[in-house]
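Residue-level listing of the chains:
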Amino acid sequence: MSIWLALRISPETQQLVKEMCPRDNCRTQNEFIERAIRFYAGYVSGQEATAYLPPALASVLRGTVQDTENRICRLLFKLAVELDMVMNVLAAGMEISDDALRSLRGRCVQNVKKTSGSVTLDKAVEYQRGGV
């Protein structure tokens, strides 16, 4: 069901509608205005923001995020390999009790949480030498 709505717009806006109507493949100015209203209502409500981005931009953003995710995954894998190597070298050369190891793990978990992952070798050496 259609409802007639009287609309007063400036001559500049009316000219803009006339120019943009064919570019948006609209058959009528009414169709263009209706699409514009729906678009703006969706934008204001903030729902499904990607629906209002040009498809090319959304595709580029998706690709960039995917590339970044893949790069981070590869770097984390390499870091895990290096860390495993370091742990195996240390384990081969150290004698540490199961209790001391459990205690150290708990302390390290708390330290990582407290510092948001910003741990350094300097702080570890300071702790092992009796510092805080």
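Note that the structure is predicted; figures quoted are calculated from it, not measured. (Residues numbered from 1 in each chain as written. Predicted model: local features only at pLDDT ≥ 70, side-chain atom pairs only at ≥ 80, totals over all residues. Heavy atoms only, no water.)

1. Quick notes on helix H1 (residues 11–23)
Between the first and last C-alpha of H1 there are 19 Å, a value that for 13 residues agrees with the 18 Å anticipated at 1.5 Å per step. Asn25 lies just past H1 and shows a positive phi near 55°. (Helix = DSSP H or I, 4+ residues; strand = E, 2+ residues; numbered from the N terminus. Expected span 1.5 Å × (residues − 1).)

2. Some remarks on the pattern of salt bridges
For the structure on display, the rule yields four salt bridges. Note that Glu31 is salt-bridged to Arg35, the shortest N-O span being 3.2 Å. Within this pair, Glu31 and its partner Arg35 are both found in helix H2 (residues 29–45), separated by four residues, close to a single helical turn. On the accessibility criterion, Arg35 (37% relative accessible area) is partly exposed. (Salt bridge = Lys/Arg side-chain N within 4 Å of Asp/Glu carboxyl O. Buried < 20%, exposed > 50% of the residue type's maximum accessible area, 1.4 Å probe, protein only.)

3. Concerning the packing of aromatic side chains
Enumeration over the complete set of coordinates arrives at zero aromatic pairs. Note that Arg107 overlies the ring of Tyr127, its terminal NZ or CZ placed 3.4 Å from the centroid. (Phe/Tyr/Trp six-rings, centres within 6.5 Å; stacked < 30°, edge-to-face > 60°. Lys NZ or Arg CZ within 6 Å of the ring centre and 35° of its normal.)

4. Structural notes on unusual backbone geometry
Look at Asn25: it is not a glycine, yet its phi comes out positive at around 55°. Take Asn25: it is sitting in the loop between H1 and H2. Positive phi outside glycine occurs at Ser116, with the angle close to 55°.

5. Regarding a nonpolar patch on the surface
A contiguous nonpolar patch, built from Phe39, Tyr40, Tyr43 and Val44 and spanning about 480 Å² of accessible area, is present on the exposed surface. Within the secondary structure, Phe39 is located in helix H2. When its relative accessible area of 42% is taken as the criterion, Phe39 is described as partly exposed. (Patch = residues over 30% accessible without salt bridge, like charges linked within 9 Å, V, L, I, M, F, W, Y side chains within 5 Å. Areas by Shrake-Rupley, 256 points an atom, 1.4 Å probe, with all protein chains shown as cover.)

6. Looking at the confidence of the model for the chain
With 92% of its residues at a pLDDT of at least 70, the chain reaches an overall mean of 85. The secondary-structure element of the chain with the lowest mean pLDDT is helix H5 (residues 121–128), recorded at 83, while H1 shows the highest, at 92. (pLDDT = per-residue confidence, 0-100.)

7. Some thoughts on helix H4 (residues 98–114)
Under the 1.5 Å per step criterion, the end-to-end length of H4 is 24 Å for 17 residues, consistent within 8% with the ideal 24 Å. Ser116 occupies a position one or two residues after H4 and carries a positive phi of about 55°.

8. Some points on the environment of Ile33
Take Ile33: it is sitting in helix H2. The exposure class assigned to Ile33 is partly exposed, which follows from its relative accessible area of 23%. The spacing of Ile33 and Val17 is 16 residues in sequence and 7.5 Å in space, taken between C-alpha atoms. The residues touching Ile33, leaving out its near neighbours within four places in the chain, are Leu7 and Val17. (Contact = heavy atoms within 4.5 Å.)

9. Section: the packing of H1 against H2
Running from amino to carboxyl end, H1 crosses H2 at an angle of 90°, the nearest separation of the two axes being 9 Å. With respect to H2, the element H1 is oriented roughly perpendicular. Here Val17, Lys18, Met20 and Cys21 of H1 lie close against H2, whose contacting residues are Gln29, Phe32 and Ile33. Residue composition of the contact of H1 with H2, by class: five nonpolar, one polar and one charged. (Axes fitted to C-alpha atoms, helices over the stretch in contact; angles between N-to-C directions. Parallel < 35°, antiparallel > 145°, perpendicular 65-115°, else oblique. Nonpolar A, V, L, I, M, F, W, Y, C, P; charged D, E, K, R; others polar.)

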